[in-house]
Amino acid sequence: MKIVDAKVIVCCPGRNFVTLKLLTEDGIYGLGDATLNGRELAVAAYLNEHILPLLIGRDARRIEDTWHYLYKGAYWRRGPVTMSAIAAVDTALWDLKAKSLGVPLYQLLGGASRESVLVYGHAAGTDLDDTVRAVAHYAELGYKAIRAQSGIPGLAGTYGVGRGGTHYEPAEKGAPPENRWSTEHYLNFVPQMFSRLRKEFGPSIHLLHDAHHRLTPIEAARLGKELEPYHLFWLEDPTPAELQERFRTIRQHTTTPLAVGEVFNSIYDCQQLIEEQLIDYIRTSVVHAGGITHLRKIASLAEMYQVRTGAHGATDLSPVCMAAALHFDISVHNFGIQEYMPQTEETDKVFPHSYSFENGLMYPGDAPGLGVDIDESLAAQHPYQRAYLPINRKLDGTMHDW
Ligand code: EZ4
Ligand code: CO
């Protein structure tokens, strides 16, 4: 099963996606997502210039060997660009192997460990009443788990809150938009928001919140403590995680479950967090953390320490990644939850897929492989458009984490 052709498809059906397509001598092809939001062309160039020439003629069945060939062979290890490029190859090879055997991918990953995949949706409002309405809307759509974000009184605009009540888009065309931030305003508001949400929606719905790395450990500890009465499913990215030991402070002070890892690209980014049981959910994704092969190793380490998975799944991860995530989620023993933001109609047309959503749960479907395709001629009608994630400044203009 030799690889005879490989190409990188960059398209923008509303937002940018980078997709790798590998073709074998048997005429079967596999797909992998390589989208790195705001830095898409770096991964496309890494693939085109440095990886694709190495793939032609290789045996597509040797998934593990190819992973190490690209990781160890590069000499320069880790990093989001390298790991997203390796992830794309790895995902395409798993897709190819499952297609060649005529089975849905999850059958090669140990088979189904559960009947469905619990997902959470994003409810966001410009203020508290608007956020209550947004959560009610998601509850009506059947979601059993809902992430609640809200505009903060005293701050103009907050990341994660869409304009006009629609889903937000994680990147914007043109120069990066700038947001203003006040930790004081934020910390005073968020506990009030969850107090209200619990009153409105009762104890059974799962509520989540994303702090987007904006707090120090002691501020995160205060927030976690004040949120305890409202029993969050998780508090996400409370503090930047380059220093994994910073989570000890948060952990010592609160029983609010913690979720981290959407920006991680390797098992070494979360080794201490997992081994010291400083977190409850690891959020690494197929596309940004080295593909299915590497993600399974992270999940196995996490399983030993009772840490569950909760993979990143915003709209800057393509439907190819979503499909891969669902095959991973349904098979891995220590699955926790999957993030899910529906894509636009344009994107779904470019990437027809067999996965489905029903009543707050998702299913990978039983089509061979990932069960996702790309309509290349439609993709060609949506050329790349440069876009950036916003940046975050404090009220006095200082650049801040987000
Ligand atoms: O900011 O995907 O949990 N989801 C998130 C996302 C991320 C974007 C970054 O590209 O935090 O909105
Ligand atoms: Co997040």
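Fair warning: this is a prediction, and the values are worked out from it, not measured in the lab. In every chain, residue numbers begin from 1 and rise along the written sequence. Just so you know, chain letters begin at A and ligand numbers begin at 1, following the order they were written in. pLDDT decides what is reported in this predicted model: residues at 70 or higher carry local features, side-chain atom pairs at 80 or more are listed and counted, and totals for whole chains, interfaces and linings draw on all residues regardless. In computing side-chain values, all of the structure's heavy atoms are included and hydrogens and water are not.

Draft legend 1. Quick look at the site of ligand 1. Near, as used in this document, describes a residue that has one of its heavy atoms within 4 Å of the molecule or strand being considered. Around ligand 1, a shell composed of 16 residues is seen, among which Tyr159, Tyr168, His212, Glu262 and Asp316 lie nearest. Within the side chain of Glu262, one N or O atom sits 2.8 Å away from an oxygen atom of ligand 1. For ligand 1, the protein covers 95% of the area, taking 330 Å² as the surface of the free molecule. The class makeup of the residues in the shell around ligand 1 is six nonpolar, three polar and seven charged. Any pair of N or O atoms that falls within 3.5 Å is considered a polar contact. Within protein, one atom must be able to donate a hydrogen and the other to accept it, and sequence-neighbouring residues count only if both atoms are side-chain atoms. Surface accessibility follows the Shrake-Rupley procedure with a 1.4 Å probe radius. Residue values consider only the protein chains on display as shielding. Gly counts as polar in this scheme, as do all residues outside two lists: the nonpolar Ala, Val, Leu, Ile, Met, Phe, Trp, Tyr, Cys and Pro, and the charged Asp, Glu, Lys and Arg.

Draft legend 2. Representation of the sheet that holds strand β2 (residues 17–24). Taken in spatial order, the three strands of this open sheet run β1-β2-β3, and their pairing is antiparallel. In this open sheet, the two strands that pair with only one neighbour each are β1 (3–11) and β3 (29–33). If you compare each strand with its neighbour and ignore which way they point, the axes differ by 20 degrees on average. Only strands that DSSP links by at least two bridges are regarded as paired with each other. Each helix corresponds to a stretch of at least 4 residues labelled H or I by DSSP, and each strand to a stretch of at least 2 residues labelled E; elements are numbered beginning at the N terminus. The pairing of β1 with β2 spans eight bridges and is antiparallel. When the sheet's bridge partners are listed, Ile3 is paired in β2 with Thr24. Where helix α1 (residues 40–55) meets the sheet, its contacts fall on β1 and β2, and the angle it forms with β1 comes to roughly 175 degrees. Convention adopted: a line fitted to C-alpha atoms gives each axis, helices being fitted over their contacting stretch, and angles between N-to-C directions are expressed from 0 to 180 degrees. Any two residues whose heavy atoms approach within 4.5 Å at even a single point are treated as in contact.

Draft legend 3. Representation of unusual backbone geometry in the model. One non-glycine residue, Gln277, lies in positive phi territory at about 50 degrees. Within the element layout of this structure, Gln277 appears in the loop between α8 (271–275) and β11 (281–282). Look at Gln277 and you get partly exposed, because its relative accessible area is 41%. Although it is not a glycine, Asn359 sits at a positive phi angle of roughly 55 degrees. Looking at the secondary structure, you find Asn359 in the loop between β14 (356–358) and β15 (361–363). Under the scheme applied here, a residue whose accessible area is under 20% of the maximum for its type counts as buried, over 50% as exposed, and between as partly exposed, the area being computed with a 1.4 Å probe on protein chains only.

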